[in-house]
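# Report on the structure
So you can see what is in the structure, the chains are spelled out below.
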Amino acid sequence: MKTLTKEEMKEVTACKSTFVFKKGDIIFGENELLNGVFCVKEGLCKMTKLSANGKEHTVKLMGKGDLIGQRSIISNERTHLSAVALNDIEVCFVPKDQILSSIKTNQEFSFDVLQNLAQDLREAEGDLINMA
C-alpha cells in the first residue's frame with residue numbers, strides 16, 4: 001500500500017474498517033467470496049488448506065504489513081485457503097472496489113501487487129520442489 005498516492009490513501013482510510021480476531025478465530029475460510037482484502041496491522045495468522053482426507057496444512061504465515069485475500073479479489077474467484085489467527089490479531093479491511101480502482105489507475109501500485117503475486121508463486125514453486 002506504500003505505492004498509493006496521498007489521495008488514494010485518503011480514500012482507503014475513509015472506507016477501511018478495523019477488526020480484531022482472537023487466537024483461533026477464522027478470518028476467512030476456504031471457498032469464500034471476499035468483498036475486500038485484509039492488511040495485518042498487528043499479530044500473526046496462518047494460511048491453511050484442508051487436504052482431501054480432512055487434515056489441515058499450514059501453507060504460509062502472515063504478519064504485520066502483509067495483505068491477505070488479494071489473489072481472490074484480483075482473480076474474482078473464491079478463496080483457496082483459510083486465514084486463521086495464531087494470536088490476537090488486528091487487521092484492516094479494504095473493500096474490493098477501492099483496491100480494484102487503485103490497481104486500474106495507479107501503475108506503481110499495480111506493479112507492487114504483481115510483484116507480491118510473483119513472490120507468492122515463487123515461494124509456492126519452491127515448496128513444491130522441496131516436497132518432491
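Above this note sits the structure.
Remember, predicted model here, so these are calculated numbers, not experimental data. (Residues numbered from 1 in each chain as written. Predicted model: local features only at pLDDT ≥ 70, side-chain atom pairs only at ≥ 80, totals over all residues. Heavy atoms only, no water.)

### Topic: the pattern of salt bridges
The full count for this structure, using the stated rule, is seven salt bridges. Among the salt bridges present, the one from Lys 46 reaches Glu 56, with a minimum N-O distance of 3.1 Å. You can see Lys 46 sitting in strand β4 (residues 45-50) and its partner Glu 56 sitting in strand β5 (residues 56-62), a full 10 residues away along the chain. The residue Lys 60 makes a salt bridge to Asp 120 at a minimum N-O spacing of 2.5 Å. With Lys 60 in strand β5 and Asp 120 in helix α4 (residues 107-131), this pair connects stretches of sequence that are 60 residues apart. Here Asp 120 falls in the partly exposed class, since its relative accessible area comes to 23%. Through salt bridges that share partners, Lys 60, Asp 120 and Glu 123 make up one connected network. (Salt bridge = Lys/Arg side-chain N within 4 Å of Asp/Glu carboxyl O. Helix = DSSP H or I, 4+ residues; strand = E, 2+ residues; numbered from the N terminus. Buried < 20%, exposed > 50% of the residue type's maximum accessible area, 1.4 Å probe, protein only.)

Purely geometric numbers; function is a separate question.
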